[in-house]
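Observations on chain architecture
In case you want the letters, here they are:
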Amino acid sequence: MSPEKPFAPAADQNRGPILAVLRERFLAHGRVLEIGAGTGQHAVHFAAALPHLDWYPSDVAENLPGVEAWRQDAALPNLRPARALDVLRDVWPEGPFEYAYSANTVHIMHWPAVEAMFAGLGRVLAPGGQFALYGPFAHDGAHTAASNARFDQALRAQDPGMGVRDRADLDALATAAGLAPEAVIDLPANNQILLWRHA
Ligand SMILES: C[S@@+](CC[C@H](N)C(=O)[O-])C[C@H]1O[C@@H](n2cnc3c(N)ncnc32)[C@H](O)[C@@H]1O
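How each quantity is defined
Residues numbered from 1 in each chain as written. Predicted model: local features only at pLDDT ≥ 70, side-chain atom pairs only at ≥ 80, totals over all residues. Heavy atoms only, no water. Helix = DSSP H or I, 4+ residues; strand = E, 2+ residues; numbered from the N terminus. Rg over C-alpha atoms; globule rule 2.2 N^0.38 Å. Buried < 20%, exposed > 50% of the residue type's maximum accessible area, 1.4 Å probe, protein only. Contact = heavy atoms within 4.5 Å. Areas by Shrake-Rupley, 256 points an atom, 1.4 Å probe, with all protein chains shown as cover. Near = heavy atom within 4 Å. Polar contact = N/O pair within 3.5 Å; in protein donor to acceptor, adjacent residues only side chain to side chain. 1 Å grid on protein atoms, 1.4 Å probe; cavity = no way out; pocket = protein on both sides within 12 Å on 5 of 7 lines; lining within 4 Å. Sits in = over half its atoms within 2 Å of the grid points. Nonpolar A, V, L, I, M, F, W, Y, C, P; charged D, E, K, R; others polar. Points joined across faces, edges and corners; volume = space filled by probe spheres on them. Pairing = 2+ DSSP bridges. Axes fitted to C-alpha atoms, helices over the stretch in contact; angles between N-to-C directions.

A tally of helices and strands in the protein yields six helices and nine strands. In terms of overall dimensions, the protein is globule-like: its C-alpha atoms have a radius of gyration of 16 Å, near the 16 Å expected for 199 residues. Taken along the three principal axes of its C-alpha coordinates, the protein extends 45 × 40 × 30 Å. Counting all 199 residues of the protein, 51% fall into the buried class. Partitioning the contacts of the protein with sequence separation of at least 6, the portion at a separation of at least 24 is 73%. Accessible surface, the protein as shown: approximately 9000 Å² in total, 55% of it carbon and sulfur.

Looking now at the site of the ligand. The ligand sits among 17 residues. The nearest are Gly 36, Asp 59, Asp 86, Val 87 and Ala 103. Within the contact set of the ligand, an oxygen atom lies 3.0 Å away from a side-chain nitrogen or oxygen of Asn 63. Val 87 places a main-chain nitrogen or oxygen 3.0 Å from a nitrogen atom of the ligand. Judged by the fraction of its atoms near the pocket grid, the ligand is located in the largest pocket. Class assignment of the residues belonging to the shell around the ligand gives a composition of nine nonpolar, six polar and two charged.

Attention now moves to the layout of surface pockets. Leftover empty space is mapped by rolling, across the atoms, a probe with the size of a water molecule. Each pocket or cavity is described by its volume, and for the largest pocket that value is around 380 Å³. Lining of the largest pocket is provided by 18 residues; of these, Asp 59, Val 60, Thr 105, Ile 108 and Met 109 occupy positions nearest its centre. Tallied by class, the residues present in the lining of the largest pocket amount to eight nonpolar, six polar and four charged. Taken as a whole, the second largest pocket holds about 240 Å³ of empty space. Along its surface, the second largest pocket is lined by 13 residues, and Ala 11, Ala 37, Gly 38, Ala 103 and Asn 104 are the ones closest to its centre. Going through the elements one at a time, α1 (9-25) and α2 (41-49) are the ones with two or more residues in the lining of the second largest pocket.

Moving on, we come to unusual backbone geometry. Between Gly 95 and Pro 96 the backbone carries a cis peptide bond, its omega angle lying at -5°. Inspection of the secondary structure puts Pro 96 in the loop between β3 (83-84) and β4 (97-103). Residues other than glycine seldom take positive phi values, yet Asn 104 does so here, at roughly 55°. With respect to the element layout, Asn 104 can be found in the loop between β4 and α4 (111-124). For Asn 190, which is not glycine, the phi torsion reads 60° and is therefore positive.

The strand order β3-β2-β1-β4-β5-β9-β8 describes an open sheet built from seven strands, whose pairing is mixed. Among the strands making up the open sheet, the edge pair consists of β3 and β8 (179-187). In terms of strand pairing, strand β5 (residues 125-135) meets strand β9 (residues 191-198) through six bridges, oriented antiparallel. The residue bridging Leu 133 from the neighbouring strand is Leu 194, located in β9. Contacts between α2 and the sheet are confined to β1 (30-35), β2 (53-59) and β4, with β2 contributing the most and set at about 175° to the helix. The sheet contacts of α4 involve β1, β4, β5, β8 and β9, and relative to β5 the element is tilted by about 150°.

If you trace the backbone, Asn 14 turns up in helix α1. At 2.7 Å, the side chain of Asn 14 and the side chain of His 42 are in polar contact. Excluding anything up to four places from it in sequence, Asn 14 contacts His 42, Asn 104 and Tyr 134.

This is the structure:
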């Protein structure tokens, strides 16, 4: 691995279970907007495994060199250049996207950014388009595992604006943006994929 490629062990561990879900759900050809691509590991893995999808990774500007290092090394025809997208501040790409994907982002983003992400997805997702969000989520005000409660505490101690989000709060933002809840899929390590579909 070239030294300029950032590496997150967690992204290596969860990519298999996430891919299994995307393979079952993102069936038809289409464009995928990834929000908060991080290192770029997911973008490369999923674009390679799902050649019927055109993958458009994005993240805040400071993370783009790492994503680009992964992308250029992989040289995949369906993996597009990384684009700067701070969901709160940047101009969103032109839609429509048939799909959107984001992993481990909403507990890091402050709530106004989470709101902006759903509002933006309401604008750029195609009719019938799906959004898959991976991460740890609370349900009806309760954590689904002690490890998620500890993670939530640690996040809030680090920055009170961060924290594990409740599914109901995300569903409310999604509904306001025209996205209907479609599925909740349990994955290893007390994580889930939440799926919404644009009306
Ligand atoms: C914990 S990392 C997850 C990275 C990657 N998706 C993964 O699963 O390995 C959180 C990501 O959210 C991104 N992020 C935080 N605030 C953001 C915002 N306002 N707009 C877009 N991305 C944001 C960060 O830059 C970072 O890449």
